[in-house]
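# A structural walkthrough
Below are the chains, spelled out letter by letter.
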Amino acid sequence: KAVVSTQSTGTVTDILGWMCFTVWSVSFYPQVYKNWARLSVVGLSFDFLGYNFLGWICYSVFNFSLLWVGEVKREYYRVFPHGVINVQLSDFCFSFHALLITAFTIIQCLCYERRGQTPSILCRLIL
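Described in the following lines is the structure provided in the data block. Sequence positions are assigned chain by chain, starting from 1 and proceeding in written order. Only residues with pLDDT of at least 70 get local features here, since the model is predicted, and only at 80 or more are side-chain atom pairs given and counted; chain-wide, interface and lining totals rely on the full set of residues. Values shown for side chains rest on all heavy atoms present in the structure; no hydrogens or waters enter the calculation.

## Overview of the state of the cysteines
Note on terminology: pairs of cysteine sulfur atoms within 2.5 Å are recorded as disulfides. Scanning the entire structure with this criterion turns up zero disulfides. Not engaged in a disulfide, the cysteine Cys111 finds its nearest cysteine sulfur in Cys109; these two sulfurs lie 9.3 Å apart.

## Regarding the pattern of salt bridges
A side-chain nitrogen of Lys or Arg and a carboxyl oxygen of Asp or Glu constitute a salt bridge if their distance falls within 4 Å. Counted by the stated rule, this structure contains two salt bridges. A salt bridge links Arg74 to Glu71, with the shortest nitrogen-to-oxygen separation between them at 3.2 Å. Of this pair, Arg74 and Glu71 both sit in helix H4 (residues 70-79), three residues apart, which is roughly one turn of the helix. This pair shows no difference in class: Arg74 is exposed, exactly as Glu71 is. Ionic pairing is found between Glu75 and Arg78, a salt bridge with its closest N-O pair at 2.7 Å. Highlighted residues: Glu75 and Arg78, both in helix H4, separated by three residues, approximately one helical turn. To qualify as a helix, a DSSP run of H or I must reach at least 4 residues; to qualify as a strand, a run of E must reach at least 2; elements of each kind are numbered from the N terminus. Relative accessibility under 20% of the residue-type maximum defines a buried residue, over 50% an exposed one, and the middle range a partly exposed one, all with a 1.4 Å probe and only protein chains included.

By themselves, these are just geometric observations and shouldn't be taken as functional.
Below you can see the structure in the form of structure tokens.
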């Protein structure tokens, strides 16, 4: 199957990609602000943060590799000779930003009131 790519589809894709980056990135900040305002992370799921941190690491490595690692790109095209790598710069920027803001939230968990909350045993085993 052929993939049609034009200047206009590339521009639309770029605009939508950066719009998604912006909206999804902004969604992280209310929790960071709430933690700071209360100086507390009581009620925040530490398992959620741990799993997200691992997920953002994997997603960032994936995006980075498909954008900038020649060997990975060559292997992709070897397996899929007519394939198209659809990873965009906005994908990497989002995943790396999410990784950083999740790390910052984890640091908040170490510094603010948490009333003895810890990640579950299962989460600690998985991570």
